[in-house]
Amino acid sequence: MSRKKSFSRKKKIALLVGAVALVGGTAVAMTGTSQASVECDGLNTALGNNQRFIDGQRAAPDALSDARIKNRQDVIEEIRRKQAASGCEVGASDTGAVPPADAPPAEAAPPADGAGGDNGAGQVGEVVCAGSTVTLSGEAGAPAASSNEFPVGTTLKVTNLDNDKSTTVRVTAPSGSCALLNDAAFEQVREPGKFLIRNARIERVG
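What counts as what
- Residues numbered from 1 in each chain as written.
- Predicted model: local features only at pLDDT ≥ 70, side-chain atom pairs only at ≥ 80, totals over all residues.
- Heavy atoms only, no water.
- Helix = DSSP H or I, 4+ residues; strand = E, 2+ residues; numbered from the N terminus.
- Buried < 20%, exposed > 50% of the residue type's maximum accessible area, 1.4 Å probe, protein only.
- Contact = heavy atoms within 4.5 Å.
- Areas by Shrake-Rupley, 256 points an atom, 1.4 Å probe, with all protein chains shown as cover.
- Pairing = 2+ DSSP bridges.
- Axes fitted to C-alpha atoms, helices over the stretch in contact; angles between N-to-C directions.
- pLDDT = per-residue confidence, 0-100.

(A) Structural detail: the overall build of the chain. Looking only at helices and strands, the chain features three helices and eight strands. If you list the helices and strands of the chain from N to C, you get α-α-β-β-β-β-β-β-α-β-β. Taking all 206 residues of the chain together, the buried fraction comes to 37%. Summarising the internal contacts of the chain: among those between residues at least 6 apart in sequence, 76% fall at separations of at least 24. Accessible area for the chain stands at about 11,300 Å²; split by element, carbon and sulfur atoms hold 57% of it.

(B) Focus on the sheet that holds strand β2 (residues 134–136). Strand order in this open sheet of eight strands is β1-β8-β4-β5-β3-β6-β2-β7, and the pairing throughout is mixed. The open sheet has two edge strands, β1 (126–128) and β7 (196–197), and neither has a second partner. On top of the sheet, helix α2 (residues 65–85) reaches β2, β3 (145–147), β5 (165–174) and β6 (180–181); it is set at about 140° to β5, its chief contact.

(C) Inspection of the confidence of the model for the chain at higher detail. In the predicted model, the chain carries a mean pLDDT of 76, and 68% of its residues have values of at least 70. Confidence scores differ between elements of the chain, with helix α1 (residues 2–59) showing the lowest mean pLDDT of 63 and strand β4 (residues 155–160) the highest of 96. Taken together, the stretch residues 19–32 has pLDDT below 50 and engages in zero contacts with residues farther than four places along the chain or on a different chain. Counting contacts from residues 102–121, a segment whose pLDDT is below 50, to residues more than four positions away or on other chains yields 42 contacts.

(D) Representation of the side chain of serine 146 in the model. Secondary-structure assignment places serine 146 in strand β3. Accessibility expressed as a relative area gives 2% for serine 146, which makes it buried. In contact with serine 146, not counting residues within four places along its chain, are Arg72, Val171, Ala173, Pro174, Ser175, Ser177, Cys178, Ala179 and Leu180.

(E) Molecular detail of unusual backbone geometry. Backbone geometry places cysteine 129, a non-glycine residue, at a positive phi of 50°. With respect to the helices, strands and loops of the structure, cysteine 129 is situated in the loop between β1 and β2. If you check the backbone angles, aspartate 164 has positive phi at about 60° while not being a glycine. Mapped onto the secondary structure, aspartate 164 falls in the loop between β4 and β5.

(F) Molecular detail of the pairing of strand β8 (residues 200–205). Bridging between β1 and β8 involves three bridges; their strand directions are antiparallel. Within β8, the position partnered with valine 128 by the bridge is isoleucine 202. The sheet contact formed by β4 and β8 spans six bridges and is antiparallel. Each residue of the ladder has a partner; that of asparagine 160, found in β8, is alanine 200.

So, in structure tokens, the structure goes:
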């Protein structure tokens, strides 16, 4: 009887250890899934922003619309590559699936005004676009921003309140959101592995 009881206790302990390990493994898996979801959400938002900008240019074209559209289609392709590399659904956006680019080639857009980025230390400005999230445009080049709220030449300071990192950049082009940072500017403020800043402060400075 005592042997049977002892075996029973050992079996219970083994089952308890197994259950704890299973719960721990599930928690790790859920954490990984959550991080991947944040990364994919940011890329989806970036894709949606660029698609909305293209739609706006097609709805109200001007002399530079073809070049702007071509530029944004190149950006969309770059975001698609980032989605594939990150294991996200390629082509998914916050507006649904984005169809492949089909506009005819156009001349490259004229060079934007010079722009620079810094850590934004000591600069205080008027808080704008309260509650807006910030993501990347996918464009290369020196740190810069694009915006649907402010004209080219406006200086914006973007702060990631989750890590207190800031960048101060000039708006060099229009876009589909209040502040869309290019790759270089976004790298200055983002958290590792994230393509979306949910808790941001955007200020107009200068």
